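If you want the building blocks of each chain, they are given just below.
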Amino acid sequence: MSAPSPAATAAFASTADVRARMERVRVRLVQLRTIRTLLYSLAVGVSTMFVLRLVARILGNRDADELASSTTVDMLLQGPLAFTPAVVAAGLVWWWSVSQWDQITPVRAALWYEEHHPASHAVVTLLEHGPEVLSSTIEQRLALAAAVPISPRVPAATALRRAMWLAWRTPLAIMLAAVLALSLVVFAPAGAVVRLVTAASVTTSEALTGARSALGTWNVDVIPPVYSGLPSRVLRDSGTVEALVGSRIRVTGVGRADDLTAAVTVRGDGTRPATTLAIVPTAQGWQAAMLMPSAPAVVRVASGNTSRLLVLVPRADSLPLVQLSRPIGDSVYRDTVGTITLTARLRDDLGLSSAAFELILTSGSGERYSARTLTLAPRRYSGERSGVLTHELSLGALGVAPGDIIHVRAVARDAYPASPREPGVSETRSLRFARAEEYDSVAVDAAPPPAVDSSLLSQRMLLDMTEKLEARRPRIARELMVAESRKLAVEQARIRRAVSAVVYQRLSGEGPSEHVHYEGDGHDHGVSVQAGKLVPSVGGGTVNVMPGAAPPRSNDNATDESPIIAVNRPLLEAYNAMWDAGRALELGDTRAAIPPMRVALDAIQRARAAERVYLRGRVRAVVVDLARVRLAGRDTGSASRRTPGEARPDSARIADARLLRAAGMLLVDPIAGRDSLVMLRLDALTSQPGFSRALELVLSALLDGRDATDALVRARRTLVKPVAASGVSAWSVP
Amino acid sequence: MECPMTHTSPFVFATAQYESGDWDSAPSLPGNLIDSVARYTSLPVAPQGVAVPLASDDALRYPLLFLTGHLPVRFTQKEGRVLQRYVARGGLLFIDDHNHDVDGAFHKTATAEIRRLIAPLVPLPNTHALYSAFFTFADGPPTTSHELNGWGDNLVHEQLLAVRAEDRIQVLYSNKDYSSEWNFHPDNKRFMGVDPTRFGVNLVVYALTH
């Protein structure tokens, strides 16, 4: 039993003594009520904060698996304004409680006293009526009250303390519960607010720290390939290593090596089976070594049920960056003399090894092209990160002719040892040198009518075949030679007839297949047939268009020829040359056939140029009459049935599902959850670099024991963009 | 801009324009192949082909791109990026060497560019589905008169080259000079015993069904 208080242990000495003692009781009762009200107010305030934080998290999380959050609500409830609702709630409770208070008078204190220390209402009577009512009866009862043994009755002071406890117990319990709940909300691990409220689980950081400490710390030595010239470095207790592909990675740890296992899994382009790494015991502990693969990988070091991961992030040796700054663009040159300045700027991440200009000089036209590839201004570098390559390209030394085309680019290599690797290349510039005949046709689309063009191509091909046959003549029999030559003669006749058709069509306006021409047919087409050759009739006479004849003067106004004859003159000349060539081919004399064939080709070329001057036309685009030709073909086929390909999987949604599973797993098995996140990050390194960087922050927070909720939310937002709602929200300014 | 290839729109034959060479060296070829598609199949087809710059995203709208020329092929950076996206998104790029010469500038540069941007070209088996997509070519790609005449590299190429992804052809490369073989007015087919453009129909059908 506690020591009796003065109010209960001593008899009342006087009326003043009674009043003084009751005043002390009254003061204590007022204090009791004030503290109780204060506790209630605090409990309500803290509870208000808890409820609001919980609502904010629920609104933000929407459900425990979905890590999106409402930024606006969250910021409001986590900032300085977060205390305002709590203070207001507490103030309201305080105000309401105070307004309900009754005044605690000395008489009420005396009543409370006599409730716990019966004195036959003598104390109340004395305080209510003053000393004038003091009678012997009251004195006697006061004395009797003072003389009553304390035990077994509860003394007033003890009752006061008990009353205080009973008064504080409820609000104190409420307040403590509110504080506990609030702390859970504030310090709960990632993405598990609701779950933590209902069933608190192990904290992730503790589990992860435990995994690390069980395996001890390790050092990672990174030794880059020799060719790179990069220095070696040591990473202290790192979970991620980013290094050049081919670097030697050596992990050195402390502790026993007996029960350790290590395996490396290469990810990125499809998961491959894990490769076991050898754990080598050392004087201080253990060591494992590997080469940095070309794809992201993870090394798992395990001891019993504990494991730790080392993420390998490869960095590729990039190709040199080459920029051709001069010439700045493609161009057409009028002259084939002089020099052209070539300038290229080079850069490389590790160091340049060599550089040069690569040039292709293409000559020819139509079906005949020849090309030379040249390397100019080769230069070696000794590991410089950047450089400038220049060269003066002499067109004269290169032997550039009109019609030639130069394709030039700069190439650079770094010290990467694999020979098949492509060099770094610049954009290619095309430099064309105009032909003389191009000058007067600048405004003309460079394309002749198709009929002449097809003859032109065929004649060139025929000449090519004849030259090859002529080259084979010493090696083949005469009979074979004649047989081959006659085949060419047939082809030559076909081309000649095609040219003839074009000529007649222009002169008479008739279609090529609608007319037959022969000597003395009585027609006047502007040409006549003489000994198999076509001779134009001008003003009753003829014009010499035989091969080798002097060409007419170039001024059309100074000649007697009509414009239509002028246009057709080269074709007539080609026709007659083809006649000569055909006769020689019929005899198997390819040597004699070649000169007139060349004349014919040149004549057709001139006709082509003339077309460009006079006709000013472009190739008429072929528009197919679909209705006429639809299913008119003689051959039939069968189409394969179309098999629609499967839709490509949505990588973002797959990653999102994996992220949610890993986040949920963090609560159940933090190590497994962390490992899942590590694997997810590895798989996203190349395909989703932004998501991978966000996951790196998540892992960093987990390993440091910090709340990873926000990092998880940000990582998820890189995959799934927030859905924009139409209209303004309640938080918007109207 | 309206997409030229939807499930209801006709097939449009597209010729790729590239900056470094003579991309338009076979101007009659598109009309000829369009004629063949209409002549042998019931596929809806546009009566006229289009030329589409390879540096433009418009190239992504066509399931089949035809690229030819005689001159060196050096794709610009933009052309290279579009080309990579084009094949990754399911397009079929058909390249034909108009020089028909494995030692020629077109062949050397075009194959190097495809290797640099996409992947090395490897021989396409003559049993590939391309050769039975519509007509059946039991011996693989049909030879051209230019090959038989010994022009160009004096070789008859028995196989085409290709870059494939999961057996789907991304890039088809020909040394056979179909650009010359098919570059004539379609009306001339009536004079021919065998239409040489039938293989072009297989190309179109394959591009539309794979």
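Residues numbered from 1 in each chain as written. Chains lettered and ligands numbered in written order. Predicted model: local features only at pLDDT ≥ 70, side-chain atom pairs only at ≥ 80, totals over all residues.

(A) Structural detail: the nonpolar core. Formed by 91 residues in total, the largest nonpolar core has its most connected members in Ala16, Leu64, Leu65, Leu93 and Phe94 of chain B. With near-sequence residues (within four places) excluded, Leu65 of chain B lies in contact with Ala14, Ala16, Ala59, Tyr86, Gly91, Leu93 and Phe94 of chain B. (Core = buried A, V, L, I, M, F, W, Y, C linked by C-beta atoms within 7 Å. Buried ≥ 20, exposed ≤ 12 C-beta atoms within 10 Å, placed from the backbone. Contact = placed C-beta atoms within 7 Å.)

(B) Representation of the sheet that holds strand β9 (residues 297-303) of chain A. Residue and element names in this part refer to chain A. Ordered in space as β3-β10-β9-β5-β6, the five strands form an open sheet in which the pairing is mixed. Single-partner strands in this sheet number two, and they are β3 (240-244) and β6 (275-277). Sheet twist, expressed as the average angle between the axes of neighbouring strands with direction ignored, equals 25°. In this structure, strand β5 (residues 260-266) lies alongside β9, joined through seven bridges in antiparallel fashion. Within the sheet, the bridge partner assigned to Thr261 lies in β9 and is Ala302. (Pairing = 2+ DSSP bridges. Helix = DSSP H or I, 4+ residues; strand = E, 2+ residues; numbered from the N terminus. Axes fitted to C-alpha atoms, helices over the stretch in contact; angles between N-to-C directions.)

(C) Highlighting helix α18 (residues 670-687) of chain A. The end-to-end C-alpha distance of α18 of chain A is 26 Å, a good match for the 26 Å that 18 residues give at a rise of 1.5 Å each. Every buried residue belonging to α18 of chain A is among Pro670, Gly673, Arg674, Leu677, Val678, Leu680, Arg681, Leu682, Asp683, Ala684 and Leu685 of chain A, and all of these are buried. (Expected span 1.5 Å × (residues − 1).)

(D) Examining the interface of chain B and chain A more closely. Listed by partner, the interface residues are 40 residues for chain B and 35 residues for chain A. Elements that contribute at least two residues to the side of chain B that touches chain A include exactly α1 (29-40), α3 (105-117) and α6 (198-209) of chain B. Here the side of chain B that touches chain A gets six residues from one element, more than from any other, and that element is α1 of chain B. Here the residues of the side of chain B that touches chain A sort into 18 nonpolar, 15 polar and seven charged. (Nonpolar A, V, L, I, M, F, W, Y, C, P; charged D, E, K, R; others polar.)

(E) Quick look at the confidence of the model for chain B. All names here are of chain B. Summarising the model, chain B shows a mean pLDDT of 89, and 96% of its residues fall at 70 or more. Summarising per-element confidence for chain B, the mean pLDDT is lowest in helix α4 (residues 145-148) (81) and highest in strand β4 (residues 92-97) (96). Segment residues 1-5: pLDDT under 50, and nine contacts once partners within four positions in sequence are set aside and those in other chains are kept. (pLDDT = per-residue confidence, 0-100.)

(F) Representation of unusual backbone geometry in the model. All names here are of chain A. The linkage connecting Arg326 with the following residue, Pro327, adopts the cis geometry, with an omega of -5°. Its location among the elements puts Pro327 in the loop between β11 (321-326) and β12 (331-333). Of note in the backbone geometry, Ala377 takes a positive phi value of approximately 50° without being a glycine. By the secondary structure assignment, Ala377 is in strand β15 (residues 368-380). Residue classification places Ala377 among the partly exposed residues on the basis of 15 C-beta atoms within 10 Å.

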